[in-house]
Amino acid sequence: GSIRHSLGRCMKADEPIPTSNLVELTSQLAVEGEVDPITGLAGDRVWIFRGALDPYVQKPVADALQEYYEALVDPANVARVELDRAGHTFPSARTDAKACDVTEAPFVGNCDYDGATILLTHLYGPMNAGRKPAEGELAEFDQTPYARASGSGGLADKGLVFVPRECRGGDGPKCRLHVVFHGCKQGASLVGREFVLGSGYLEAAAANRVVLLFPQVEASYQPLNPMGCWDWWGYEGEDFAVQSGAQVKAVRMMIGDLLGEPRG
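Description of the structure in this document.

What counts and what doesn't
- Residues numbered from 1 in each chain as written.
- Predicted model: local features only at pLDDT ≥ 70, side-chain atom pairs only at ≥ 80, totals over all residues.
- Heavy atoms only, no water.
- Salt bridge = Lys/Arg side-chain N within 4 Å of Asp/Glu carboxyl O.
- Helix = DSSP H or I, 4+ residues; strand = E, 2+ residues; numbered from the N terminus.
- Buried < 20%, exposed > 50% of the residue type's maximum accessible area, 1.4 Å probe, protein only.
- Core = buried A, V, L, I, M, F, W, Y, C linked by side-chain atoms within 4.5 Å.
- Contact = heavy atoms within 4.5 Å.
- Pairing = 2+ DSSP bridges.
- Right-handed = clockwise from strand over helix to strand, strands pointing away.
- Axes fitted to C-alpha atoms, helices over the stretch in contact; angles between N-to-C directions.

Let us look at the pattern of salt bridges. Applying the stated criterion across every chain, the model contains 16 salt bridges. Arg-165 is the partner of Glu-135 in a salt bridge, and the nearest nitrogen-oxygen pair spans 3.0 Å. Within this pair, whereas Glu-135 is found in the loop between α4 (115-124) and β6 (136-142), its partner Arg-165 is found in the loop between β7 (158-164) and β8 (176-179), the two being separated by 30 residues in sequence. One salt bridge in this structure joins Glu-137 and Arg-168, with 2.9 Å as the shortest N-O distance. Of this pair, Glu-137 sits in strand β6 while Arg-168 sits in the loop between β7 and β8, and the two are 31 residues apart along the sequence. For Glu-137, a relative accessible area of 37% corresponds to the partly exposed category. Residue class for Arg-168 comes out partly exposed when judged on its relative accessible area of 49%. A network of salt bridges, in which partner residues are shared, links Arg-50, Lys-59, Asp-63, Arg-80 and Glu-82.

A word on the nonpolar core. Ranked by size, the top nonpolar core spans 29 residues in total, and within it Trp-47, Leu-83, Phe-162, Tyr-201, Leu-202, Leu-212 and Phe-214 carry the most contacts. If you list the elements that add at least two residues to this core, you get β1 (46-51), β2 (78-83), α4, β7, α7 (194-198), α8 (201-206) and β9 (210-214). Among the elements that make up this core, the one with the highest residue count is α8 (5 residues). Trp-230, Tyr-235, Val-251 and Met-253 belong to the second-largest nonpolar core, a separate cluster that totals 19 residues.

With that out of the way, let us pick up the side chain of His-178. Take His-178: it is sitting in strand β8. With near-sequence residues (within four places) excluded, His-178 lies in contact with Leu-119, Leu-120, Leu-123, Tyr-124, Tyr-201, Val-210, Val-211, Leu-212 and Leu-213.

Here the focus is the pairing of β2. When β1 meets β2, the two strands line up parallel, connected through 6 bridges. Pairing of Ile-48 across the sheet is with Arg-80, part of β2. A crossover connection joins β1 to the parallel β2 through helix α3 (residues 59-72); in handedness this β-α-β unit is right-handed.

The sheet built from 4 strands is open, its strands ordered β6-β7-β9-β8 with mixed pairing. Two strands in the sheet have a free side with no partner beyond their single neighbour: β6 and β8. With strand direction ignored, the average angle separating the axes of adjacent strands in the sheet is 20°. Two strands pair when backbone bridges link them, and β7 and β9 are joined in this way by 3 bridges, in the antiparallel orientation. Residue pairing across strands places Val-161 opposite Leu-213, the latter belonging to β9. Across the sheet, helix α9 (residues 246-259) touches β6, β7, β8 and β9, and the angle it forms with β8 is around 160°.

Structure (structure tokens):
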């Protein structure tokens with residue numbers, strides 16, 4: 001709920017991050033029913049990446065994030081990658097991307113490191129190497145009903161979903177669903193489809209029967225979000241980090257519709 005903390009403690013680590021307090025708060029929120037029971041996290045898998053040359057997010061922030069998750073998740077399931085040649089970027093193996101140490105939009109770097117496949121492998125198990133071209137359909141969908149239903153003023157009008165060719169129709173094994181949240185200055189309102197097309201996610205998903213949801217937020221001054229960030233400090237309300245938060249509700253409804261869950 002503090003823009004000062006979001007730009008300082010949460011990125012620059014100019015003050016210590018009270019990890020134990022955050023773990024305690026998470027537990028309390030679960031007791032109060034604001035988030036799901038924390039016991040559900042125990043078997044989850046977490047992949048943390050940071051570029052060692054990142055000028056924005058300092059190493060103590062990633063250290064605190066790892067400490068937080070290892071208090072809630074089996075530490076054996078937490079993977080931490082710190083790439084020495086990477087800036088503030090999503091690591092890819094694309095030779096047409098910006099240099100790995102460059103920190104600028106669309107924040108996808110040629111790091112000779114297929115981050116999308118590697119993180120999906122850690123989360124879900126062995127993956128096939130990404131295939132080019134990414135065979136499937138990348139389609140826009142209308143986010144305005146989700147914005148209205150959740151009360152979010154920050155969502156863009158359109159989101160994106162990628163459905164691999166092998167996931168269309170009801171034949172064959174079921175496909176996974178993975179939600180990809182873009183970073184600040186990385187959404188379609190600022191970089192078009194450069195992140196979606198350049199990150200390597202589509203190729204990895206097409207080769208491994210993974211449907212990708214790319215929800216989008218808009219860069220705007222009303223609410224105060226000029227860099228087009230997802231709400232990680234409370235610009236849409238104090239409940240941004242719990243189930244009643246507007247953006248959390250909106251994305252959960254998108255997931256439910258993709259899974260065919262009944263509303264209500």
